[in-house]
Amino acid sequence: MNIDVRQDQVSISPRASKGGRGGLCRKGWTAGELIGEGSRLRSPLIRDNRSSPLRPCSWSEALEALHDAISRSQAKYGPDSVGVFGGGGLTNEKAYYLGKLARVALGTRFIDYNGRFCMSSAATAINRSFGLDRGMPFPFEDIANAGAVFLAGSNMAETMPPAMRYLREQRERGGSLIVADPRRTPTAETATLHLQLRPGSDVALANGLLHIALEEGYVDEDFIAARTSGFDELEETIGSYWPARVEAITGVSIPALFRAAEILGQADSVIVLTARGAEQHASGVDMVTAYINLTLALGQAGRANCGFGTLTGQGNGQGGREHGQKADQLPGYRSLSEPRDRAHMAKVWGIDVDRLPQPGVSAYELLRGLGRETGVRCLLVMGSNPFVSAPNSDSIEKGLDQLDFLAVADLFLSETAAQADLVLPTAQWAEETGTMTNAEGKVLLRKRSVPPPAEVKTDLEIISDLARRLGYGDAFQSDPEDVFAELCAASEGGRADYSGLSYKSVEASDGVHWPCNAVAPLGTPRLFLETFSTPDGRARFYPTEHRGPREEPCEQYPYYLTTGRTLLQYQSGTQTRRVGTLTEGTGAFVEMHPLLAKMLKIEEGTLVRVSSRRGQAIVAARLSQNMRTDSVFMPFHWPNSERANLLTNPVLDPLSKMPEFKACAVSLAAVHAGSGI
Ligand SMILES: Nc1nc2c(c(=O)[nH]1)N[C@H]1C(S)=C(S)[C@@H](COP(=O)(O)OP(=O)(O)OC[C@H]3O[C@@H](n4cnc5c(=O)[nH]c(N)nc54)[C@H](O)[C@@H]3O)O[C@H]1N2
Ligand SMILES: Nc1nc2c(c(=O)[nH]1)N[C@H]1C(S)=C(S)[C@@H](COP(=O)(O)OP(=O)(O)OC[C@H]3O[C@@H](n4cnc5c(=O)[nH]c(N)nc54)[C@H](O)[C@@H]3O)O[C@H]1N2
Ligand SMILES: [Mo]
């Protein structure tokens, strides 16, 4: 971004980077409005007791209160009674420090973050099959050169608009695009072929395509023999995914299945990308694995312009998952349960290895336990708004309320912050320096360009001040460049190895792909060209079976609800709901097919009560031919009774612990005036 500051007016425009092309979505263009925004938090806020309102206070009162709450809780209930909840939007430096704060200064095993709700299923599947999770093991430019691109559950046109240029280029060069999405999204509109599958049926779809590929001779036997293992076992399962069965499960017609297999089988190079649509399921790991299996069986990996990847979501969704804010993880993708990794980090941090806590629990499990006997009683949230974004959010709201102490560091009074005992105002992106690692694993330096408001601290300052009060002053700095140098050294020899990086080198080359170390001093734009990162160097097939959503439509809840995003809003909406041009004329809605609406006597704009086994939300109806007649869609950007997450099913994937955001069963009813909402 180019950031231009004139007399307190911040204006933003895209900047062409080396090798990349400039581009911003409307949220990027308007982000300057958030810098001096009127409702920006400008001093810490504290509550004298639960029933009194938040009042401004000094930083020393605020941090003393937090320190007191932590000490009291740990003295009474032990170190694990304090928890930390982070975010994938935080810089690498903050993610690393949050993990260090939890493990070293607090000594708690309870830390996790919103990335668990984001790409954890993809990360788990990619790790298992390839041995290393870098969301996209190739640069974005490869998309422009691929003969065919398959997008599974990505609405890129609304969720990553600048990246659409690579697809446009790819199409101009004669390439094909397949989109698998239950909705005919703006992304699907641009596709050569749209597979409008039933929510939660991706395993069947991918297995069905592989079944046809096997029969039609599209499978690359040489690649399978040379670079993979486990194909025989997979082949057995694939046998039962014959086209008629797959059509029945997915709702995708047999001719469309054959056409898709033909496009993929005949293209010289294929890129398959999943996003949240295929990942946020209780079988999310299986769904991603099924797409990986398809990619590998077609021999589409290990060269330029092909391969499997996931479209990581948040600004630092990649780096945020590498350096230790995950429950089971140490910096550099090291493991908290691996004795060698523990010994390495204990040495870097200068503590006895036995003092490192054991792995904690995943985001939803942590939130579910709030205020309970064995759960967290004092929580610090930094960079997330779980009140709006966590599944089954009515129960999360109650859990937050049962805490002995809730502290939230944010730029604005988010819905979660509004419930807190203590609110810590922080600097935002343009006001502080830090690194982010993008969806293709490229580490980027974002430099401060405007000063933060006077009474605001950076997250790193908050963490290091708190650590000092806890007696760990020497171990925590607040200068991001120092923290980055420590992170890079800590990651040495780990799988996400940053040891060859510095602010200087990252800035000089306009971003560097990790791993970057003594072996690869210039970084690694493409992974897996010679070998995969598994112990035997081969990519591994894992057979997967279709299970479908854990909650299928029934008499009482006859429709699928799927949830996701709209172009103009971002996540829980804390930031984008404050930008005028992004909110004018828009609000929460439930999208449905006109035929379904007619049957239910619902018209455009009618208020609809959407009910699931967890709760009810009330939003306006939006009618669209782009929907299936058995499914409705709600974005999750709005709070209170418009929250999609009042409805979502918190059942978790057994391996990734991803909740099933993308499929639950609901009923719909028009709300008539006087019927008592
Ligand atoms: N405008 C905007 N952009 C964003 C964000 C935002 O909030 N707003 N958030 C960022 C973040 S953190 C993320 S993670 C990304 C997410 O980016 P995406 O994954 O592209 O976004 P979603 O809208 O969550 O889901 C994508 C699509 O999945 C489809 N889908 C639903 N169920 C299924 C299914 O069972 N199978 C398949 N194949 N598809 C299904 C939905 O219809 C939806 O169109 O976006 C990033 N960009
Ligand atoms: N139903 C449903 N629910 C979903 C999803 C879905 O598709 N459907 N998607 C899930 C996904 S993929 C994601 S990523 C999550 C996201 O959901 P959240 O974790 O709630 O993410 P945000 O809304 O981005 O929240 C970030 C908060 O941190 C603040 N913030 C921004 N920058 C900083 C900073 O530098 N420091 C600090 N301290 N605070 C900052 C913002 O103001 C905001 O309040 O939602 C998940 N929930
Ligand atoms: Mo995300």
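Residues numbered from 1 in each chain as written. Chains lettered and ligands numbered in written order. Predicted model: local features only at pLDDT ≥ 70, side-chain atom pairs only at ≥ 80, totals over all residues. Heavy atoms only, no water.

Asker: Help me get a handle on helix α21 (residues 459–469), residues and values and all.
Answerer: An α-helix turns once per 3.6 residues; consequently, residues spaced three or four apart project the same way. The buried fraction of α21 is high, at eight of eleven residues. Buried residues of α21: Asp459, Leu460, Ile462, Ile463, Ser464, Asp465, Leu466 and Ala467, and no others. Where α21 ends, the next residue or the one after it, Gly471, has phi of about 95°, a positive value. (Buried < 20%, exposed > 50% of the residue type's maximum accessible area, 1.4 Å probe, protein only. Helix = DSSP H or I, 4+ residues; strand = E, 2+ residues; numbered from the N terminus.)

Asker: Can you tell me about the site of ligand 2, naming the residues and giving the values?
Answerer: The local shell around ligand 2 holds 30 residues, among which Asn114, Ser384, Ser389, Asp410 and Ser572 are the closest. Taking Asn385, its main chain carries an N or O atom lying 2.9 Å from an oxygen atom of ligand 2. In the model, a nitrogen atom of ligand 2 is placed 2.9 Å from a nitrogen or oxygen of the Ala409 main chain. Starting from 920 Å² of accessible surface for ligand 2 in isolation, the protein chains cover 95%. Here the residues of the shell around ligand 2 sort into nine nonpolar, 16 polar and five charged. (Near = heavy atom within 4 Å. Polar contact = N/O pair within 3.5 Å; in protein donor to acceptor, adjacent residues only side chain to side chain. Areas by Shrake-Rupley, 256 points an atom, 1.4 Å probe, with all protein chains shown as cover. Nonpolar A, V, L, I, M, F, W, Y, C, P; charged D, E, K, R; others polar.)

Asker: Run through the packing of helix α12 (residues 243–250) against helix α13 (residues 254–266), naming residues and quoting values.
Answerer: Between α12 and α13, the shortest axis-to-axis distance is 9 Å and the interhelical angle comes to 110°. Looking at the two axes, α12 sits roughly perpendicular to α13. Judged by residue contacts, Pro243, Ala244, Val246 and Glu247 of α12 engage Ile254, Leu257 and Phe258 from α13. Considering only residue class, the contact of α12 with α13 consists of six nonpolar, no polar and one charged. (Axes fitted to C-alpha atoms, helices over the stretch in contact; angles between N-to-C directions. Parallel < 35°, antiparallel > 145°, perpendicular 65-115°, else oblique. Contact = heavy atoms within 4.5 Å.)

Asker: Go over the packing of aromatic side chains, please, and point to the residues and values.
Answerer: Taken as a whole, this structure holds 14 aromatic pairs when the rule is applied. Taken together, a centroid distance of 5.0 Å and an interplanar angle of 65° make the contact between Tyr97 and Phe476 edge-to-face. With a gap of 379 residues between them, Tyr97 in helix α3 (residues 92–106) and Phe476 in the loop between α21 and α22 (480–491) connect regions that are remote in the sequence. Relative accessible area serves as the criterion here: at 0%, Tyr97 is assigned to the buried category. (Phe/Tyr/Trp six-rings, centres within 6.5 Å; stacked < 30°, edge-to-face > 60°.)

Asker: So, the packing of helix α4 (residues 120–130) against helix α15 (residues 284–297): which residues are in play, and what are the values?
Answerer: Where α4 contacts α15, the axes come no closer than 8 Å and their chain directions differ by 45°. Accordingly, the angle class assigned to the pair α4 and α15 is oblique. Of the two possible hands of crossing, α4 and α15 adopt the one that is right-handed. For the pair α4 and α15, contact is made by Ser121, Ala122, Thr124, Ala125, Ile126, Arg128, Ser129 and Phe130 and by Gly284, Val285, Asp286, Val288, Thr289, Ile292 and Leu296, respectively. A breakdown of the residues in the contact of α4 with α15 according to their chemical character gives eight nonpolar, five polar and two charged. (Left-handed = near helix turned anticlockwise from the far one by under 90°.)

Asker: I'd like a description of the site of ligand 1, backed by residues and values.
Answerer: Of all residues adjacent to ligand 1, which total 33 residues, the nearest are Gly200, Asp202, Arg565, Gln569 and Gln571. Between an oxygen atom of ligand 1 and a main-chain N or O atom of Gly200, the distance comes to 2.7 Å. The backbone of Arg276 places a nitrogen or oxygen atom 2.9 Å from an oxygen atom of ligand 1. Its free accessible area being 910 Å², ligand 1 has 98% of it covered by the protein chains. When the residues that make up the shell around ligand 1 are grouped by side-chain class, the tally is nine nonpolar, 16 polar and eight charged.

Asker: Give a description of the environment of Gly115 that names residues and reports values.
Answerer: Relative to the helices and strands, Gly115 resides in the loop between β6 (111–113) and α4. In this structure Gly115 comes out as buried when scored by relative accessible area, which is 1%. The sequence separation of Gly115 and Gln325 amounts to 210 residues, and the corresponding C-alpha distance is 9.3 Å. Among residues more than four places away in sequence, those in contact with Gly115 are Ser120 and Gln314.

Asker: I'd love a proper account of the nonpolar core, names of residues and values included.
Answerer: Counting residues in hydrophobic clusters, the biggest one holds 117 residues, and the most contacted among them are Leu101, Phe150, Leu195, Leu205 and Tyr291. With nine residues, α15 is the largest single contributor of residues to this core. Discounting residues that sit within four places of it in the chain, Tyr291 has contacts with Phe150, Ala152, Ala180, Asp202, Leu205, Ala206, Val272, Thr274, Ala278 and Phe308. Formed by 27 residues, the second largest nonpolar core is a distinct cluster that contains Val381, Ile396, Val408 and Val423. (Core = buried A, V, L, I, M, F, W, Y, C linked by side-chain atoms within 4.5 Å.)

Asker: Got a sec to walk through the sheet that holds strand β19 (residues 442–446)? Specific residues and values, please.
Answerer: As summarised here, the arrangement of the three strands in space is β18-β19-β20, forming an open sheet in which the pairing is antiparallel. Among the strands making up the open sheet, the edge pair consists of β18 (434–437) and β20 (512–513). Contacts from α3 reach β18 and β19 within the one sheet, and its direction differs from that of β18 by about 95°. (Pairing = 2+ DSSP bridges.)

Asker: Now, about the environment of Ala297: what can you tell me, with residues and values included?
Answerer: Residue placement: Ala297 occurs in helix α15. By relative accessible area, which is 0% here, Ala297 ends up buried. In this structure, the C-alpha to C-alpha distance between Ala297 and Leu234, residues 63 residues apart in sequence, is 10.0 Å. With residues near it in sequence (within four places) discarded, Ala297 still touches Leu210, Val219, Asp220, Ile224, Phe231 and Phe541.

Asker: Tell me about empty space enclosed by the protein, and please be specific about residues and values.
Answerer: Evaluated as defined, the whole model comprises two cavities of 30 Å³ or more. As for the largest cavity, its lining consists of 14 residues, of which Pro137, Gly302, Cys306, Gly307 and Leu527 are closest to the centre. Here the residues of the lining of the largest cavity are counted per class, giving ten nonpolar, two polar and two charged. Reported here for the second largest cavity is a volume of approximately 40 Å³. Forming the walls of the second largest cavity are Leu209, Ala213, Tyr218, Ala261, Leu264, Gly265, Leu294 and Leu298. Secondary-structure elements contributing two or more residues to the lining of the second largest cavity are α9 (202–216) and α13. If you tally residues by element for the lining of the second largest cavity, the top one is α13, at three residues. Tallied by class, residues from the lining of the second largest cavity come to seven nonpolar, one polar and no charged. (1 Å grid on protein atoms, 1.4 Å probe; cavity = no way out; pocket = protein on both sides within 12 Å on 5 of 7 lines; lining within 4 Å. Points joined across faces, edges and corners; volume = space filled by probe spheres on them.)

Asker: Break down helix α19 (residues 393–402) for me, citing the residues and quoting the values.
Answerer: Of all the residues in α19, the buried ones are Ser393, Ile396, Gly399 and Leu400. Along the long axis of α19, the arc covered by the buried residues comes to 105°, so they all point the same way. Looking at the packing, one finds that the buried side of α19 touches α17 (363–368), β15 (378–382), α18 (386–389), β16 (405–410) and α20 (415–418). (Arc of directions from axis to C-beta.)

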